[in-house]
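Listed below are the residues making up each chain.
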Amino acid sequence: MSLSNTQLRKIEARLHEERERLLGQLQEFTGPEGSEDSQGQAGDSSKFPTHAADLGTDVAREELEASIATRRSAEIAEIDAALERIATSPETFGMDENSGEAIPFERLDIIPWARTTV
């Protein structure tokens, strides 16, 4: 069973919403303010670590932010692929790529870029 036009448009709208939300989150990590705040830009060194433990915490935070940014980028790529599938073959969008079964609308409503039933 393929999705109705109404369901397909709802999924497409959700994909665009999620894409914008993720781009906003990604901008927090990659924008100019993500790497240095106004205190650092003004040359204020009081925020820089003076203890080795502080430096380790900063490195861990940077690694975590890089990991999150990578995950957000991958999600955006999945969303873009789903939007492409809707544009090129709307009649097969929402079909499990492995089994060919219909992905339940409820699943697509939660994860609109889903490629499989579970």
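Check the entry above for the structure.
Residues numbered from 1 in each chain as written. Predicted model: local features only at pLDDT ≥ 70, side-chain atom pairs only at ≥ 80, totals over all residues. Heavy atoms only, no water.

Things to note about the overall build of the protein chain
Move 1: Along its length, the protein chain carries five helices and zero strands.
Move 2: Written out in order from the N terminus, the α and β elements of the protein chain read α-α-α-α-α.
Move 3: A total of 118 residues make up the protein chain; the buried ones form 25% of that total.
Move 4: Summarising the internal contacts of the protein chain: among those between residues at least 6 apart in sequence, 61% fall at separations of at least 24. (Helix = DSSP H or I, 4+ residues; strand = E, 2+ residues; numbered from the N terminus. Buried < 20%, exposed > 50% of the residue type's maximum accessible area, 1.4 Å probe, protein only. Contact = heavy atoms within 4.5 Å.)

Details of the nonpolar core
Move 1: Counting 18 residues, the largest nonpolar core has Leu3, Ile11, Leu15, Ile79, Ile86, Phe93 and Leu108 as the members making the most contacts within it.
Move 2: Secondary structure elements with two or more residues in this core: helix H1 (5–30), helix H4 (52–88) and helix H5 (105–110).
Move 3: Setting aside chain neighbours within four positions, we find Leu108 in contact with Leu3, Ile11, Gly94, Ile103 and Ala114. (Core = buried A, V, L, I, M, F, W, Y, C linked by side-chain atoms within 4.5 Å.)

Notes on H1
Move 1: Here H1 spans 37 Å end to end across 26 residues, near enough to the 38 Å set by a 1.5 Å rise per residue.
Move 2: Turning to H1, its buried residues are Leu8, Ile11, Arg14, Leu15, Glu18, Leu22 and Leu26. (Expected span 1.5 Å × (residues − 1).)

Some thoughts on the pattern of salt bridges
Move 1: Scanning all chains against the criterion turns up ten salt bridges.
Move 2: Here Asp109 ties to Lys10 by a salt bridge, and the two come within 3.7 Å at their closest N and O atoms. Of this pair, Asp109 sits in helix H5 while Lys10 sits in helix H1, and the two are 99 residues apart along the sequence.
Move 3: Classification of Asp109 as partly exposed rests on a relative accessible area of 24%. (Salt bridge = Lys/Arg side-chain N within 4 Å of Asp/Glu carboxyl O.)

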